[in-house]
Amino acid sequence: MWTFLSLAFRGLVRNRGRSLLTLLAITVGVGVVIFGSAFGEGVVDTMVQQVVNARAGALQVHRKGYMDSMDAAPLKLDLPDSGAVLEATRSTPGVRAVTRRIRFGGMLNNGTRSSMVMGAGLDPVEEFAVCPDRRAEVPETGTHVRADADHGAVLGGELARSYGVKPGDTLTVTAAGREGAVNALDIDVVGLTRGAAALESKRQLMVPLSHAQGLLGMPGRVTEYVVAVDDLRQLHDVQARLSARLGPEYEVHSWEQVMPFLYGTVGRMRMILGGVSLVLFVMVVFGVINTMLMSVYERVREIGTMLAVGMRRGQVLRLFLLEAAALGLVGGGLGAVLGLAATLYYSGAGIVISPPGSVVQQVVRPEASPAVALAAVAVAMVGALLAAAYPAARAARMNPVDALRTV
Amino acid sequence: MPLIQLKDVHKEYLLGENVVHALKGVDMSVEKGEFTVVTGPSGSGKSTLLNIIGCLDRLTRGSYKLEDQEVGQTDFDELADVRNHKIGFIFQSFNLIPVLDVLENVEFPCLIRSKPEPRKVIRERARQVAEDVGLGSVVHHRPDQLSGGQRQRVAIARALVTHPSLVLADEPTANLDSVTSNQIIDLMLKLNADKGVTFLFSTHDPRVTKHARRVLSISDGKVSEGANDSH
Ligand SMILES: Nc1ncnc2c1ncn2[C@@H]1O[C@H](COP(=O)(O)OP(=O)(O)OP(=O)(O)O)[C@@H](O)[C@H]1O
Ligand SMILES: [Mg+2]
């Protein structure tokens with residue numbers, strides 16, 4: 001065995017340039033796959049955090065039928081803003097915090113113009129316990145909804161611009177209440193959103209929960225509980241537990257169900273990463289096939305000599321497979337080290353990206369995954385072996401007389 | 001019992017549509033300890049004959065016995081073992097393994113055995129054989145650092161290290177100048193005389209045949225005893 005290892009090693013060292021090039025291809029391939037998937041997971045994570053911590057929460061509880069309702073925000077399917085159901089939600093294991101909201105549709109007026117808005121009444125304290133990143137929606141020039149401003153409203157940036165209002169100005173909001181009666185209330189603008197998402201920016205209106213309850217004639221009622229969980233990895237367990245606890249009158253949705261488009265984006269992203277990995281794999285395999293074929297052709301006479309002095313076909317096969325395996329192992333190992341090193345460095349330093357259509361910059365932290373690294377090295381090894389199978393078999397099948405006649 | 005015995009051996013090559021009849025019924029035998037030269041012009045079938053005797057190639061028809069064992073139709077890996085244990089090869093173009101040094105090249109046939117002897121035993125024997133063929137001072141050189149004559153000595157050492165029953169040399173001096181050729185032939189004669197190594201050796205150079213104790217001529221695919229003076 002030692003003889004073969006040493007022979008394989010020298011076979012590789014003989015044509016240093018070519019072996020190094022192949023090694024480099026494997027190293028780069030494995031490194032890029034490891035770093036790429038770590039980066040991808042980081043982006044996914046950032047996106048999920050963005051949704052979970054700034055908008056949708058991890059889980060949402062509604063009355064049965066709310067999500068499937070024809071109305072965008074049906075007020076008739078409502079929940080009490082305190083009592084047994086809320087307590088049951090709060091005390092479910094794995095739940096970190098719960099906040100209450102009312103979603104409603106309304107019109108915003110300033111006396112001369114009026115436009116449709118998507119309103120939300122938010123609990124000015126609990127909302128930020130569930131969605132802590134929400135505060136960053138509103139830049140320093142204003143504040144978010146707060147407990148000491150009963151009428152204080154936050155407007156979408158675009159919406160505010162179209163009305164020419166800034167913090168300190170007053171507008172009127174009109175809405176049809178739960179029982180159908182139309183009501184109007186004044187709001188004081190306290191902040192504008194950055195306008196990260198265009199649609200939201202043109203339609204969004206946020207007011208304190210109590211103000212929305214007054215406007216809609218719904219004292220003591222809300223339309224959704226938004227739930228934060230201790231650990232996102234246990235999301236679906238918590239969802240099942242909560243759903244079982246609340247019974248068939250209520251529905252519990254996860255953020256993926258609340259925002260299916262975003263969840264689709266995550267899936268597409270993982271698919272692209274998989275595609276890139278596959279392309280790299282194919283490139284590496286063809287690189288190794290090429291190297292090994294050239295190596296076999298260059299050594300035809302030598303193979304003939306080895307056969308002539310009594311080497312068996314299986315031994316010739318093993319020799320070339322060993323060379324390829326060594327390339328795969330060393331290249332893959334180096335790639336894994338470099339890929340993980342890059343991942344660790346950037347997970348500390350963070351990578352700042354500005355997603356298209358977003359004004360806010362996001363910091364992506366690639367997530368190192370030893371499992372992915374191991375898999376990448378294993379795949380590189382297997383790929384190198386597969387790639388070497390044909391050249392090695394050619395070498396082993398050679399007729400010694402013909403091989404020795406070759407010049 | 002002769003060491004090797006060929007009876008009515010035929011060898012046909014397929015060259016596209018054509019059949020090349022390289023050996024047309026060879027009868028010959030070699031005794032243990034002989035030093036035999038096969039001579040004949042280019043294309044007469046010397047290499048073909050030596051390849052069959054060396055178990056590198058299979059005969060098309062006839063019978064070939066090596067140490068009373070019929071080997072003409074054995075399977076590939078068994079033939080490989082026969083080559084490894086019973087036969088030593090010396091080629092016209094040396095055919096050393098370029099990445100191995102002199103000692104490693106000499107050891108090679110012993111190392112690839114399925115049950116090799118201990119590393120130290122092999123190394124010691126290789127060193128001894130290298131000494132015997134006059135390579136004592138260059139054992140750690142690579143083939144590309146050696147002269148042609150030295151390379152052929154490495155090949156001879158590699159052929160001898162397994163103590164084979166028969167050493168085959170296909171035009172071993174064709175790539176060497178005449179002085180070196182004579183040294184190589186003297187070395188083989190000496191090994192034959194001192195150690196009883198059996199040599200079968202081909203050449204198309206009639207000058208070389210004067211050294212041999214026994215000369216076979218090959219022409220038109222047939223072997224006959226004695227030097228053929230038509231060359
Ligand atoms: N693999 C092969 N395929 C087809 N024909 C072959 C093959 N090997 C040898 N021959 C033919 O068989 C005949 C004998 O060839 P061989 O090589 O044995 O001659 P040789 O005496 O060794 O010649 P040389 O002195 O040139 O080495 C030649 O006609 C040659 O062309
Ligand atoms: Mg020849």
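Please read all numbers here as calculations on a predicted model, not as lab measurements.

Quick look at the environment of Ala 159 of chain B
All names here are of chain B. Inspection of the secondary structure puts Ala 159 in helix 5 (residues 148-160). Given the relative accessible area of 2%, Ala 159 is considered buried. Distance from Ala 159 to Gly 149, taken between C-alpha atoms, is 15 Å for residues ten residues apart in sequence. Residues within four places of Ala 159 in sequence aside, it is in contact with Gly 88, Phe 89, Ile 90, Pro 164 and Val 167.

A few points about the sheet that holds strand 4 (residues 61-66) of chain B
If you trace the four strands from one edge of the open sheet to the other, you get 2-1-4-5 (chain B), paired in antiparallel fashion. On the outer flanks of this sheet lie strand 2 (18-30) and strand 5 (69-70) of chain B, each paired with one strand and no other.

Considering the packing of helix 5 of chain B against helix 6 (residues 178-195) of chain B
Residue and element names in this part refer to chain B. Between helix 5 and helix 6, the shortest axis-to-axis distance is 10 Å and the interhelical angle comes to 20 degrees. By the angle between their axes, helix 5 is roughly parallel relative to helix 6. Our pair here, helix 5 against helix 6, has a crossing hand that is right-handed. Facing helix 5, whose interface residues are Gly 149, Gln 152, Arg 153, Ile 156 and Leu 160, helix 6 presents Thr 180, Gln 183, Ile 184, Leu 187, Met 188 and Leu 191. Considered class by class, the residues forming the contact of helix 5 with helix 6 number six nonpolar, four polar and one charged.

So, unusual backbone geometry
Residues and elements named next belong to chain B. Even without a glycine there, the phi angle at Asn 95 is positive, about 50 degrees. Among the secondary structure elements, Asn 95 is positioned in the loop between strand 6 (87-90) and helix 3 (102-111). Classification of Asn 95 by relative accessible area gives buried; the value is 7%. Phi angles above zero are rare outside glycine, and Glu 171 is one such case at about 45 degrees. Mapped onto the elements of the fold, Glu 171 is located in the loop between strand 7 (166-170) and helix 6.

Here's the deal with the site of ligand 1
Among the 15 residues in the neighbourhood of ligand 1, the closest are listed as Arg 405 of chain A together with Ser 42, Gly 43, Ser 47 and Thr 48 of chain B. Site remark: ligand 1 is flanked by residues from chains A and B. The separation between an oxygen atom of ligand 1 and a polar side-chain atom of Thr 48 of chain B is 2.5 Å. For ligand 1, the protein covers 74% of the area, taking 630 Å² as the surface of the free molecule. Of the pockets mapped on this structure, ligand 1 occupies the second largest pocket. Of all the elements in the fold, those that place two or more residues in the shell around ligand 1 are strand 1 (4-15), strand 2 and helix 1 (46-53) of chain B.

Rules of the game
- Residues numbered from 1 in each chain as written.
- Chains lettered and ligands numbered in written order.
- Predicted model: local features only at pLDDT ≥ 70, side-chain atom pairs only at ≥ 80, totals over all residues.
- Heavy atoms only, no water.
- Helix = DSSP H or I, 4+ residues; strand = E, 2+ residues; numbered from the N terminus.
- Buried < 20%, exposed > 50% of the residue type's maximum accessible area, 1.4 Å probe, protein only.
- Contact = heavy atoms within 4.5 Å.
- Pairing = 2+ DSSP bridges.
- Axes fitted to C-alpha atoms, helices over the stretch in contact; angles between N-to-C directions.
- Parallel < 35°, antiparallel > 145°, perpendicular 65-115°, else oblique.
- Left-handed = near helix turned anticlockwise from the far one by under 90°.
- Nonpolar A, V, L, I, M, F, W, Y, C, P; charged D, E, K, R; others polar.
- Near = heavy atom within 4 Å.
- Polar contact = N/O pair within 3.5 Å; in protein donor to acceptor, adjacent residues only side chain to side chain.
- Areas by Shrake-Rupley, 256 points an atom, 1.4 Å probe, with all protein chains shown as cover.
- 1 Å grid on protein atoms, 1.4 Å probe; cavity = no way out; pocket = protein on both sides within 12 Å on 5 of 7 lines; lining within 4 Å.
- Sits in = over half its atoms within 2 Å of the grid points.

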